[in-house]
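# Observations on the three-dimensional arrangement
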Amino acid sequence: MLSRVSLRAVARSPLARGMATVKSSIGDKKVAMSNLEQGKYINYQRIEDNLQVVRARLNRPLTLAEKIVYGHLDNPHEQEIERGVSYLKLRPDRVACQDATAQMAILQFMSAGLPQTAVPTSVHCDHLIQAQVGGPKDLARAININKEVYDFLATACAKYGIGFWKPGSGIIHQIILENYAVPGLMMIGTDSHTPNAGGLGMVACGVGGADAVDVMANIPWELKAPKVIGVYLDGKMSGWTTPKDVILKVAGILTVKGGTGAIIEYHGPGVESLSATGMATICNMGAEIGATTSLFPYNHRMKSYLEATGRSEIAAYAQEFNHNLQPDQGSEYDQRIEINLSELEPYVNGPFTPDLATPISKFAAEVKKNSWPQELKVGLIGSCTNSSYEDMSRSAHIAREAKEHGLDAKAKFTITPGSEQVRATIARDGFVDTFESIGGVVLANACGPCIGQWDRRDVKKGEANSIITSYNRNFTGRNDANPATHAFVASPDLVTAMVFAGDLTFNPLTDSLKGADGKEFKFSEPAGFELPAKGYDAGENTFQAPPKDGTTVQVAVDPKSDRLQLLKPFAPWDGKDIVDAPVLIKAKGKCTTDHISAGGPWLKYRGHLENISQNCLIGAINADSGEANKVLNQVTGEFGPVPTVGAYYRDHGIPWVVVGDENYGEGSSREHAALEPRFLGGRAVICRSFARIHETNLKKQGMLPLWFKNAADYDKIKGSDKLSIVGLNEFAPGKDLTVKIKHEDGSTDEFLVTSSINAGQWEWFKAGSALNLMAAQAKARGA
């Protein structure tokens with residue numbers, strides 16, 4: 001039966017299908033999952049077979065999200081299925097890792113002692129390239145600086161049968177869309193923007209490295225059965241409005257945690273006015289509202305993109321399977337949002353949070369009302385969210401029009417191609433020349449400033465300033481490590497137009513600029529190309545396929561390295577309550593994974609747990625003082641950096657806890673934000689609420705993610721308190737635990753906490769981590 005919900009709605013879509021199950025022999029065909037892998041085929045038959053079982057059991061219409069998710073059940077006959085309640089055991093078709101998270105994932109996989117990954121897996125080198133002066137020089141510098149890490153990843157991929165995309169290939173999500181995304185299949189990836197592949201109708205979810213290791217090791221992936229939020233799109237997109245504005249609008253409606261535990265399913269006639277890459281943009285930024293993933297039904301725009309990227313056979317196979325790539329007629333959503341694309345305005349979101357949504361018609365007034373720095377210092381387009389050929393062609397149209405009026409960019413302007421294929425194609429078609437002619441700098445095919453890999457030098461740290469990007473996140477200090485930078489998120493069209501004004505209050509829909517001849521002009525509506533008329537130019541070949549036999553490949557990790565470090569198992573639970581654990585920090589307000597494990601210059605240590613742990617929680621704001629990275633050592637009475645105090649407690653055998661606010665751990669999928677507290681001796685994190693991926697990551701590493709039963713109990717705790725979590729020996733899933741507070745003055749209090757820990761996850765805690773349990777089970781099987 002459907003989970004109990006406060007709001008139900010029925011899907012309305014011209015493409016919706018009825019409940020009749022087609023007796024299919026779709027599995028008789030063998031269609032390769034990609035052009036890069038031999039002997040790996042699309043398994044639509046499994047989905048078909050699973051859905052026959054699920055339909056008979058549930059006896060109701062299914063949403064598209066349910067079809068794909070339930071179609072990947074490990075055991076459809078016995079699996080409990082209740083949206084928002086049941087924990088599903090799933091069998092994803094693929095795993096993808098970016099280089100910053102792949103290091104830890106592969107180190108964990110090596111600990112499992114398996115010869116090869118059980119499913120097709122790829123690693124993408126995109127996170128370690130710092131934007132400094134421009135593409136070629138920045139890439140060469142990164143290859144030199146990160147040689148040890150790249151060599152490790154290349155040899156590990158060769159040994160374990162993993163596809164390796166070299167630095168310069170492009171951003172993981174664009175490479176996935178171009179080569180690996182398949183309608184109806186399921187993928188997990190060690191990056192929170194993995195849902196980008198939903199633009200091709202794939203259920204693609206961001207996870208921590210430990211989840212990826214499970215799937216790579218042929219262990220079912222566990223996911224709480226997602227609720228489904230339906231977004232009905234009506235009307236037709238035109239003018240300055242872009243697909244980016246859809247998700248900016250949705251973010252304003254749902255907020256940064258409104259999608260938690262849910263899949264966002266877009267449907268309705270308005271879908272037909274979106275390109276496949278535009279749909280990918282919308283799905284990509286669904287991570288900013290906490291969604292498990294987002295997706296669209298299969299249509300002719302996806303078919304055209306698959307054909308343009310050399311996958312005509314997959315497009316035809318998906319067309320045959322189309323009855324399972326649409327929602328059933330009458331399928332029910334847990335919540336419904338309706339957007340008329342004909343009436344949708346362009347939006348600008350921010351600063352400091354991606355859900356502060358303002359339509360462009362009201363944005364200038366908000367800038368002045370809030371005293372945000374009006375001068376625009378830098379405009380940045382590209383990133384995994386908006387770097388398609390279509391995006392670049394529309395921005396080039398705007399830049400070309402400005403140049404025709406004699407204008408150069410007034411603000412600094414950077415362009416990040418999403419992949420080598422996009423870079424080579426826009427270079428061939430003249431867009432790179434257009435951007436450079438107005439003062440733009442084309443960066444390397446990498447994440448760059450979007451993740452803080454930006455050697456910015458035009459403002460001093462602490463200097464208030466404004467930037468606008470076509471990226472996805474704009475948390476404090478994320479792009480340039482300057483907490484005073486006001487970062488706004490918009491479409492590439494708006495970003496490009498604004499750099500010629502150098503002013504945040506400029507509205508290209510209504511305002512004019514003065515050309516070199518002194519005459520005023522208004523930009524025309526942007527025009528671009530969904531796909532390149534001459535086809536894509538693949539550019540330089542940057543893919544390394546694994547050898548047929550990698551058993552002789554040596555993967556060396558220098559014990560003296562400061563970049564890579566083999567992992568040691570965490571200690572198992574001692575079977576006792578956690579008693580008098582000092583509060584390491586009581587974090588106030590937004591505490592993202594950027595606050596818990598900063599990116600930027602710290603990315604180089606992502607393969608070295610001891611070194612990366614020196615950034616643990618250094619960005620979190622201490623609720624007692626309002627300061628960052630300064631907490632009380634309850635033993636010495638002195639104040640020190642968070643990692644230093646945490647390590648002191650660990651080295652003296654004292655477990656500690658973190659107290660957090662709402663949506664703790666939102667943002668990136670980086671499991672380092674869970675590994676670091678565990679490495680430094682943490683045992684529990686108690687919060688008002690958690691972001692999905694981070695909560696799972698904490699469980700995987702043997703920590704207790706606990707929720708205040710009464711959110712107001714957060715106010716009972718101070719950073720000088722000691723907490724005791726009692727009743728652990730009597731714990732059972734669904735059972736509350738008691739936490740006793742010992743205040744500095746000797747007074748006491750207590751409160752209840754709850755959790756989403758199930759029986760299997762409790763075994764992770766007892767073993768010390770999920771990886772410990774996996775190793776113990778493997779040893780028992782071999783005994």
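Residues numbered from 1 in each chain as written. Predicted model: local features only at pLDDT ≥ 70, side-chain atom pairs only at ≥ 80, totals over all residues. Heavy atoms only, no water.

## A few points about the overall build of the protein chain
Across its full length, the protein chain holds 23 helices and 32 strands. When its C-alpha atoms are laid out on the principal axes, the protein chain stretches across 75 × 65 × 55 Å. Residue burial in the protein chain is summarised as follows: out of 783 residues, 63% are buried. In the protein chain, once contacts between residues fewer than 6 apart in sequence are set aside, the share between residues at least 24 apart is 76%. Between the averaged position of the 82 positive side-chain charges in the protein chain and that of its 87 negative side-chain charges there is a distance of 2 Å. (Helix = DSSP H or I, 4+ residues; strand = E, 2+ residues; numbered from the N terminus. Buried < 20%, exposed > 50% of the residue type's maximum accessible area, 1.4 Å probe, protein only. Contact = heavy atoms within 4.5 Å. Lys, Arg positive; Asp, Glu negative; His and termini not counted. Charge placed at Lys NZ, Arg CZ, Asp CG, Glu CD.)

## Regarding the sheet that holds strand β13 (residues 335–340)
Within a beta sheet, neighbouring strands are joined by backbone hydrogen bonds and run either parallel or antiparallel to one another. One open sheet accounts for four strands, arranged β11-β10-β9-β13; its pairing is parallel. Among the strands making up the open sheet, the edge pair consists of β11 (293–295) and β13. Geometrically, the sheet is characterised by an average inter-axis angle of 20 degrees between neighbouring strands, direction not taken into account. The pairing of strand β10 (residues 262–267) with β11 spans three bridges and is parallel. Bridging from a neighbouring strand, Ile264 pairs with Ser294 of β11. Where helix α8 (residues 243–254) meets the sheet, it contacts β9 (227–234), β10 and β13, and its direction lies at approximately 140 degrees from that of β13. (Pairing = 2+ DSSP bridges. Axes fitted to C-alpha atoms, helices over the stretch in contact; angles between N-to-C directions.)

## Description of the pairing of strand β29 (residues 704–708)
Within a regular beta strand, the side chains point alternately toward one face of the sheet and then the other, so they alternate between its two faces. Taking burial as the measure, the five residues of β29 include four buried ones, the bulk of the element. In this structure, strand β28 (residues 682–687) lies alongside β29, joined through four bridges in parallel fashion. Directly across from Val685, in β29, lies its bridge partner Pro705. As for the winding sense of the linkage, the β-α-β connection from β28 through helix α21 (residues 692–700) to β29 is right-handed. Note: β29 against strand β32 (residues 748–754), two bridges, orientation antiparallel. Within β32, the residue paired with Trp707 across the bridge is Thr754. (Right-handed = clockwise from strand over helix to strand, strands pointing away.)

## Concerning the packing of aromatic side chains
Each aromatic ring pair is described using two quantities: the centre-to-centre distance and the angle formed by the ring planes. Here the structure, examined in full by the defined rule, presents 24 aromatic pairs. Ring plane angle 80 degrees and centroid distance 5.4 Å describe the contact between Phe363 and Phe488, whose orientation is recorded as edge-to-face. On the criterion of sequence distance, the pair formed by Phe363 in helix α12 (residues 360–369) and Phe488 in strand β20 (residues 485–489) is long-range, its members being 125 residues apart. Both residues of the pair, Phe363 and Phe488, belong to the buried class. Judged by centre distance (6.4 Å) and plane angle (70 degrees), the ring pair of Tyr648 and Tyr649 falls under edge-to-face. Here the aromatic cluster, defined as three or more aromatic residues joined through ring pairs, consists of Trp573, Phe731, Trp762 and Phe765. Sitting over the ring of Tyr714, Lys586 keeps its end group 4.2 Å from the ring centre. Of note, Arg650 hangs over the ring of Phe679, and the distance from its end group to the ring centre comes to 5.0 Å. (Phe/Tyr/Trp six-rings, centres within 6.5 Å; stacked < 30°, edge-to-face > 60°. Lys NZ or Arg CZ within 6 Å of the ring centre and 35° of its normal.)

## Re the pattern of salt bridges
A complete count under the given rule lists 39 salt bridges for this structure. In this structure, the salt-bridge partner of Asp715 is Arg688, at a minimum N-O distance of 3.7 Å. One end of the pair, Asp715, is in the loop between β29 and β30 (722–726); the other, Arg688, is in the loop between β28 and α21, and 27 residues separate them in sequence. The exposed category is assigned to Asp715, whose relative accessible area is 54%. (Salt bridge = Lys/Arg side-chain N within 4 Å of Asp/Glu carboxyl O.)

## Topic: the environment of Ala280
Turning to its location among the elements, Ala280 is positioned in helix α9 (residues 276–284). Placed 80 residues apart in sequence, Ala280 and Leu200 show a C-alpha to C-alpha distance of 7.2 Å. In this structure, Ala280 is in contact with Leu177, Asn196 and Gly199, ignoring residues within four places of it in sequence.

## A closer look at helix α22 (residues 759–767)
Taken as a whole, α22 has its buried residues at Gln761, Trp762, Trp764, Phe765 and Ala767. Sitting at the head of α22, Asn758 places a side-chain oxygen 3.1 Å from the backbone nitrogen of Gly760. Phi turns positive, to about 105 degrees, at Gly768, one or two residues after α22. (Polar contact = N/O pair within 3.5 Å; in protein donor to acceptor, adjacent residues only side chain to side chain.)

## Section: the sheet that holds strand β23 (residues 543–544)
Strand order in the open sheet formed by six strands is β7-β6-β3-β4-β5-β23, with mixed pairing between adjacent strands. In this open sheet, the two strands that pair with only one neighbour each are β7 (203–206) and β23. The pairing of strand β3 (residues 94–98) with strand β4 (residues 121–124) spans four bridges and is parallel. The residue bridging Ala96 from the neighbouring strand is Ser122, located in β4. Set on the sheet, helix α3 (residues 99–112) makes contact with β3 and β4; between it and β3 the angle comes to about 115 degrees.

## Some thoughts on the packing of α3 against helix α5 (residues 147–160)
Two packed helices can be described by the angle between their axes and the distance between those axes. Contact pair α3 / α5: the axes reach a minimum separation of 11 Å and the direction vectors enclose 50 degrees. When the interaxial angle is binned, α3 and α5 end up oblique. In terms of crossing hand, the pair formed by α3 and α5 is left-handed. Touching Asp99, Ala102, Gln103, Ile106, Leu107, Phe109 and Met110 of α3 are Val149, Tyr150, Phe152, Leu153, Ala156 and Tyr160, all from α5. Split by residue class, the contact of α3 with α5 holds 11 nonpolar, one polar and one charged. (Parallel < 35°, antiparallel > 145°, perpendicular 65-115°, else oblique. Left-handed = near helix turned anticlockwise from the far one by under 90°. Nonpolar A, V, L, I, M, F, W, Y, C, P; charged D, E, K, R; others polar.)

## A closer look at the pairing of β30
Relative to β30, strand β24 (residues 578–586) runs antiparallel, the two sharing three bridges. Bridge pairing in β30 places Ile578 opposite Ile725. Strand direction decides the pairing type here: β30 and strand β31 (residues 737–742), joined by five bridges, are antiparallel. Paired with Ser724 across the bridge in β31 is Lys740.

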